[in-house]
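Close look at the chain arrangement
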Amino acid sequence: MILPYICEQSVQELEAHQLYHPAIRTLLQYDRKEGTELVKSVCVYMKHRYNVTQAAQALFIHRTTLLFRLQRIEILTGLNWESWEDRIHLAATFELMRRNGEAEWMEDR
């Protein structure tokens, strides 16, 4: 796949965390401070093709809880779920996190 290759090439010039989507950097700090799982929620939501019901089931939370989290994420970061640029950048960020072992909850693809 092209995404793993791009990520591999990119980290030869920069450190992986420098390439993270700004929203993920913000959410990582928030998760550490508040003990939340907003980054994981974003990843699972994307993995389930933005289907709230399926993502909530995978997270073992109620659908309404996930909707609340997604709304909180938008408020904290200004993330636009409809932006293809954001979606690509988020996907690359999660690939970099997976490669760096920074997200032990993330399943191998």
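Above this text is the structure in question.
The rules behind each value
- Residues numbered from 1 in each chain as written.
- Predicted model: local features only at pLDDT ≥ 70, side-chain atom pairs only at ≥ 80, totals over all residues.
- Heavy atoms only, no water.
- Helix = DSSP H or I, 4+ residues; strand = E, 2+ residues; numbered from the N terminus.
- Buried < 20%, exposed > 50% of the residue type's maximum accessible area, 1.4 Å probe, protein only.
- Contact = heavy atoms within 4.5 Å.
- Areas by Shrake-Rupley, 256 points an atom, 1.4 Å probe, with all protein chains shown as cover.
- Salt bridge = Lys/Arg side-chain N within 4 Å of Asp/Glu carboxyl O.
- Core = buried A, V, L, I, M, F, W, Y, C linked by side-chain atoms within 4.5 Å.

Turning next to the overall build of the protein. Each helix and strand counted, the protein has six helices and zero strands in total. In sequence order, the secondary structure elements of the protein are arranged as α-α-α-α-α-α. When each of the 109 residues of the protein is scored for burial, the buried share is 36%. When contacts within the protein are restricted to residue pairs at least 6 apart in sequence, those whose partners lie at least 24 apart make up 54%. Counting every atom, the protein has about 7100 Å² of accessible surface; 50% of that belongs to carbon and sulfur.

According to the stated counting rule, one finds two salt bridges in the structure shown. Of the charged contacts in the structure, one is a salt bridge between Glu95 and Arg98, with a shortest N-O distance of 2.8 Å. Of this pair, Glu95 and Arg98 are both found in helix H6 (residues 84–99), three residues apart, which corresponds to roughly one turn of the helix. Among the residues examined, Glu95 registers a relative accessible area of 2% and is labelled buried. The exposure class assigned to Arg98 is partly exposed, which follows from its relative accessible area of 26%. Residue Glu95 pairs with Arg99 through a salt bridge whose shortest N-O separation is 2.9 Å.

Looking now at the nonpolar core. In a soluble, globular protein the nonpolar side chains are often hidden away together inside. In this structure, Ile24, Val42, Ile73, Trp81, Leu90, Phe94 and Met97 are the most contacted members of the largest nonpolar core, which totals 27 residues. Among the elements of the structure, helix H2 (22–34), helix H3 (38–47), helix H4 (52–59), helix H5 (63–77) and H6 are those that each provide at least two residues to this core. It is H3 that contributes the most residues to this core, seven residues altogether.

Fair warning: the whole summary comes from geometry, so function is off the table for now.
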